[in-house]
Amino acid sequence: MTAPRLDVDPWQVREPAVDLDCLPVTETLFSLSNGHLGIRGTLDEVEPHAVRGTFLAGVHERHPLSYPEDSYGHPEYGQAMIAVADATPLRLLVDGIPLDVRTVDPEVHERRLDLRTGILERRLVWRTPRGNRMELRSQRLVSLRERSLSVVRYRVRSLDGPAHVVVRSELVLGQTPPEVENGDPRVADALGQPFEILALACDDTGGALTARTRGSAIRVATAAQHLVVGHSAVSTESVSDRHVVTTVTADLDADGVLEIEKHAGHIWAHEAEAGSLQETARAVVDSGISRGFDHLAAEQREVLDELWERADVEIDGDDELQQALRFSVFTLFTSTACIDDAPLGGKGLTGLGYSGHTFWDVEGFVVPVLSLLLPDAAARLLRWRASTLDAARERADVLGLKGATFAWRTIDGREASAYWPASTAAMHVNASISRAFWLHGNVTGEGPAALGGLEVLVETARLWMSMGHDDADGGWHLFGMTGPDEYTGVVDDNVFTNLMARRNLLRAADACEQLPEQASALGVAAEESARWRAVAEAVHIPFDEHLGVHPANTGFTTYREWRFEDKQDSYPVQEHQHYAKIYRRQVIKQADLVQALWWCRDDFTDQEQARDLDYYEARTVRDSSLSASTQAVVCARAQHPDLAHRYLRESALADLRDLRGDADAGLHLASVGGTWLALTAGLGGLREDREQLELAPLLPSRLTRLRFRMSWRGRLLQVETTRAGTTLTLLRGQGPLPVVVDGAPVQVGSQQPVTVPLRAATPLLPEPTQPVGRAPLA
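Just so it is clear, the structure is predicted and the values come from calculations on it, not from any experiment.

Trainee: Hey, could you run me through the overall build of the chain in this one?
Mentor: A count of helical and extended segments in the chain gives 18 helices and 33 strands. Radius of gyration (C-alpha) of the chain: 27 Å, near the 28 Å computed for a compact globule of 778 residues. When its C-alpha atoms are laid out on the principal axes, the chain stretches across 90 × 60 × 60 Å. Across the chain, the fraction of contacts at a sequence separation of at least 24, relative to all contacts at a separation of at least 6, is 68%. By element, 46% of the accessible surface of the chain is carried by carbon and sulfur atoms, the whole surface being about 27900 Å². Both charge centroids of the chain, one from 78 positive and one from 110 negative side chains, sit 2 Å from each other.

And the structure:
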């Protein structure tokens, strides 16, 4: 797939000449979202398009899961995000000829997303067959204050002669069924037409429709209304029970303008009367119309001004990376600004990739960033995860385990994966989720009980206790696990899983000790938490004495080596080799042991970190977009800032440059979150898992300055690093704020910035190398 040609600009994503071959990707890049409502960045006139889609967080349909052989404990139903009614279509006819950019030679056709306004703008200038020059300008926004509201301002102008203009504005349901990943006709039947219509209504200037999903029983209502200036006539009709069309006509003189504001409201609920839901959608539209586009745009700017005041990132020396970093912050914010009582999918609301499922990646790479930038958004995501505890307990019971085991991929909290070696066996998910709760409590100062965190810690600790095995020598083991690396599945004593389980057990014990009454209410006695501590001390961590490295799991370093030189054209590996072969070879899809070097850093000496990184860099192919950010952090920690910078670029540019050829399916949100972490935890040396905030900055040779802002226990701190040193400034909140920089404590006062000299990198080993052809992209 062709990557789009985008201008490099620090504050906008601009396509100066719209390339129709790149529409699948630019529809993703120009998606708008507020976390509750998302709209793909399609062209106004519908055709051409790759995948149209308007999505609401949590709205999904169930479908049967197919198994060639029945087996106990497999999930019976899958889940898929589905598109709701689309209010974006505005089909334009000039002098009876439909606008189709495939058949015109435009003088100008550009689109841009301004990261300061949150508005997607399009400008098209072309000449009609009659010789008239026409101009189309559209502006689209998804409100960051009113979560159910979207607005389009659509202007058609005749530049040099009279023109008869007709605009057909549509509200249409069911145009974008999700991709079906297998040939089961039951799945196609469930997802091809997931809605049944409950009500439809229209008046002169708009309409509304209400529908219910057949399987998940979710009710959705959408309403649309139009404000029109410069028209001759407006009328609305229901073309079918799923399709409402408002037609606007105008006769324009030279320099005449037709302007349409289209306001749409999207509402969903599990239980609501169709009429009531529809009226709520209409009320959303009335709210938007009462203020108009300009007022809503001004509100949008205010919201984003506050975002950039709290969370801006600046670097000098890499303009492309600067743009990507701001795009990452913008994406994290707009993907979660209004989310509530719903999960954040791996693609957010930007595409149908992963069927809209959320994964542990969100708690691993997105929630920790939000805790440091936008704690309220992190809290809403954690509340949703805590609300799935009952489903997690049920799943543990099915597996014959105690406590709770969270879904590897899900929308409603129940496991939706039909492939157990990558899902059910990936028990590290539970430790990663409990870590997100614990980190949030530490960063905000709210403690482990916040947002249901104590119950999550306790139930996941009980899960580990019911899975572990004691050996005759007093060691404690976890057998049959799959770590983050999906190319090494169902193994014994995966180091990442074992170390994460250890932390889970210790944090649960600490939390129960701090909160004895709440722990008692959960049935935790002193004997139980003492057993957690004893097991944590006994966790077995394999080590290869001959090679001087940690095997990713028992026996990993004895597996046959992968012939990278012979397979340079065979990526992703999973599409060219069977898992029966992959699982017992030394080829790594994504950071696994290296992930442990970051999240469990206290369990490794500097020498072990250096040797382990060197070993696993040579075997990691990064067939997952999630890997580059982790490798960036660990390379920085191992004092290789230039390599960290190269991995940071790969993570940051994954979507803007479509480095993996799959951005058409949606943005890689875990990579987006990982990008911020690669900069701050990597080059900034940020550490948020101790009582005091820690920093250990490094600058790669190409960068001369980096600056980021973050929240820490109710205060806003700015960190700026140049060759002269690192300056810490307390922008909001009461000082002094204790911070540890390069191992030395400093106090940052309210009016007293502190500057610390920049240390030079001191690597223990030369910069590690990657498999042939797998050096960092970008």
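Trainee: How should I be thinking about the packing of helix H9 (residues 453–467) against helix H12 (residues 526–538) in this particular structure?
Mentor: Between two packed helices, what matters for the description is the angle formed by their axes and the separation of those axes. One can describe the packing of H9 onto H12 by two numbers: an axis separation of 11 Å at closest approach and a directional angle of 60°. Taken together, the axes of H9 and H12 lie oblique to each other. In this structure, H9 meets H12 at a crossing whose hand is left-handed. Facing H9, whose interface residues are Val458, Ala461, Arg462 and Met465, H12 presents Glu528, Arg531, Trp532 and Val535.

Trainee: How do you make sense of the pattern of salt bridges when you look at a structure like this?
Mentor: Note on pairing: side chains with opposite charge can pair once their charged atoms come close. Taken as a whole and assessed by the stated rule, the structure comprises 62 salt bridges. Asp44 serves as the salt-bridge partner of Arg122, at 2.9 Å between the closest nitrogen and oxygen. With a gap of 78 residues between them, Arg122 in strand S10 (residues 119–127) and Asp44 in the loop between strand S3 (37–39) and strand S4 (54–56) connect regions that are remote in the sequence. The pair Arg122 / Asp44 is uniform in exposure class, with both members buried. The partner of Arg503 in a salt bridge is Asp603, and the shortest N-O contact between them spans 2.5 Å. Note that Arg503 is positioned in helix H10 (residues 495–514) and Asp603 in the loop between helix H14 (593–599) and helix H15 (606–617), a separation of 100 residues in sequence. What makes Arg503 buried here is its relative accessible area of 13%.

Trainee: What's the story with the side chain of Asn442 in this structure? I'm lost.
Mentor: Here Asn442 lies in helix H8 (residues 428–444). Overall, the relative accessible area of 11% leaves Asn442 in the buried class.

Trainee: Hey, could you run me through the sheet that holds strand S1 (residues 12–15) in this one?
Mentor: The strands that make up a sheet pair up through hydrogen bonds in the backbone, lying either parallel or antiparallel. The strand order across the open sheet formed by nine strands is S1-S9-S10-S11-S12-S19-S16-S15-S14, and the pairing between neighbours is antiparallel. Looking at the sheet topology across the chains shown, the edges are occupied by S1 and strand S14 (195–203). Each adjacent strand pair in this sheet contributes to an overall mean axis angle of 10°, direction not counted. Pairing of strand S15 (residues 206–213) with strand S16 (residues 219–229), which is carried by seven bridges, proceeds in the antiparallel orientation. Bridge pairing in S16 places Arg212 opposite Arg219. Here helix H3 (residues 274–311) sits on the sheet and contacts S10, strand S11 (133–142), strand S12 (149–158), S14, S15, S16 and strand S19 (257–269); the angle it forms with S19, its principal contact strand, is near 135°.

Trainee: Explain unusual backbone geometry here, please?
Mentor: With the exception of glycine, most residues fall at negative phi, and the peptide bonds are largely trans. For the peptide bond that leads from Glu47 to Pro48, omega is -5°, which places it in the cis range. One can find Pro48 in the loop between S3 and S4. Going from Tyr571 to Pro572, the amide bond is cis rather than trans, its omega being -5°. Tracing the chain through its elements places Pro572 in the loop between strand S25 (560–561) and helix H13 (579–582). The backbone of Arg713 shows a phi angle near 50°, a positive value even though the residue is not glycine. With respect to the helices and strands, Arg713 occurs in the loop between strand S28 (705–712) and strand S29 (715–722). Its identity as a non-glycine residue notwithstanding, Asp742 has a phi of 50°, on the positive side. Here Asp742 lies in the loop between strand S31 (737–741) and strand S32 (744–748).

Trainee: I would appreciate a short explanation of the sheet that holds strand S8 (residues 97–98) in the present structure.
Mentor: One open sheet accounts for five strands, arranged S8-S7-S13-S18-S17; its pairing is antiparallel. Both edges of this open sheet fall to S8 and strand S17 (233–240), since each of them pairs with a single strand only. Summarising the sheet, strand S7 (residues 90–94) and S8 pair through two bridges and their orientation is antiparallel. Directly across from Val94, in S8, lies its bridge partner Ile97.

Trainee: Help me understand helix H4 (residues 319–334) in this model?
Mentor: Each α-helix turn comprises 3.6 residues. Residues three or four places apart therefore point the same way. Over its 16 residues, H4 extends 23 Å from the first C-alpha to the last, a length consistent with the 22 Å expected when each residue adds 1.5 Å. Counting buried positions along H4 yields 14 of 16 residues, so the element is predominantly enclosed.

Trainee: Quick question: what am I supposed to make of the nonpolar core here?
Mentor: Core analysis: the largest hydrophobic core is formed by 181 residues, its most contacted members being Leu113, Trp464, Trp532, Trp676, Leu728 and Val739. Looking at which element gives the most residues to this core, the answer is H10, with 10 residues. Beyond its immediate chain neighbours, meaning those up to four positions away, Leu728 contacts Leu695, Leu717, Gln718, Val719, Val739, Val741, Val746, Val748, Pro753 and Val754. In terms of nonpolar packing, the next biggest core, distinct from the first, is built from 23 residues, Val94, Trp126, Val228 and Leu252 among them.

Trainee: Help me understand the environment of Ala224, please; the structure alone is not making it clear to me.
Mentor: Positionally, Ala224 belongs in strand S16. By relative accessible area, which is 3% here, Ala224 ends up buried. Between the C-alpha atom of Ala224 and that of Gln139, which follows or precedes it by 85 residues, the distance is 16 Å. Those residues in contact with Ala224 that lie beyond four places of it in its chain are Leu171, Thr205, Gly206, Gly207, Lys262, His263, Ala264 and Val285.

Trainee: Please explain the pairing of S28 as it appears in this structure.
Mentor: Along a regular strand, successive side chains alternate from one face of the sheet to the other. The buried fraction of S28 amounts to eight of the eight residues, a majority that puts the element mostly inside the structure. With burial as the criterion, each face of S28 is covered, one bearing Arg705, Arg707, Arg709 and Ser711 and the other bearing Leu706, Phe708, Met710 and Trp712. Sheet topology note: the strand S20 (residues 313–316)/S28 ladder contains four bridges and is antiparallel. Bridging from a neighbouring strand, Asp316 pairs with Arg705 of S28. Once S28 ends, the chain turns through two residues before running back antiparallel as S29, passing Arg713 with a positive phi of about 50°.

Trainee: Could you clarify how one ought to interpret the packing of helix H17 (residues 641–652) against helix H18 (residues 669–683) in this entry?
Mentor: Across the interface, H17 lies against H18 with an axial gap of 8 Å and an inter-helix angle of 160°. In terms of their interaxial angle, H17 and H18 are classed as roughly antiparallel. Crossing hand, H17 versus H18: left-handed. The residues of H18 that touch H17, namely those facing Pro641, Ala644, Leu648, Ser651 and Ala652, are Ser671, Gly674, Thr675, Ala678, Leu679 and Leu683. Of the residues assigned to the contact of H17 with H18, the class counts are seven nonpolar, four polar and no charged.

Trainee: Explanation requested: the side chain of Gln323 in the structure shown.
Mentor: One can find Gln323 in helix H4. Owing to a relative accessible area of 5%, Gln323 belongs among the buried residues under this scheme. Among residues more than four places away in sequence, those in contact with Gln323 are Asp7, Val8, Asp9, Gln12, Val13 and Leu656.

Trainee: Would you mind showing me how to read the environment of His231 here?
Mentor: Relative to the helices and strands, His231 is located in the loop between S16 and S17. Accessibility expressed as a relative area gives 37% for His231, which makes it partly exposed. If near-sequence neighbours (up to four positions away) are discounted, His231 is found in contact with Val248, Thr249, Ala250 and Leu258.

Cut-offs applied
Residues numbered from 1 in each chain as written. Predicted model: local features only at pLDDT ≥ 70, side-chain atom pairs only at ≥ 80, totals over all residues. Heavy atoms only, no water. Helix = DSSP H or I, 4+ residues; strand = E, 2+ residues; numbered from the N terminus. Rg over C-alpha atoms; globule rule 2.2 N^0.38 Å. Contact = heavy atoms within 4.5 Å. Areas by Shrake-Rupley, 256 points an atom, 1.4 Å probe, with all protein chains shown as cover. Lys, Arg positive; Asp, Glu negative; His and termini not counted. Charge placed at Lys NZ, Arg CZ, Asp CG, Glu CD. Axes fitted to C-alpha atoms, helices over the stretch in contact; angles between N-to-C directions. Parallel < 35°, antiparallel > 145°, perpendicular 65-115°, else oblique. Left-handed = near helix turned anticlockwise from the far one by under 90°. Salt bridge = Lys/Arg side-chain N within 4 Å of Asp/Glu carboxyl O. Buried < 20%, exposed > 50% of the residue type's maximum accessible area, 1.4 Å probe, protein only. Pairing = 2+ DSSP bridges. Expected span 1.5 Å × (residues − 1). Core = buried A, V, L, I, M, F, W, Y, C linked by side-chain atoms within 4.5 Å. Nonpolar A, V, L, I, M, F, W, Y, C, P; charged D, E, K, R; others polar.

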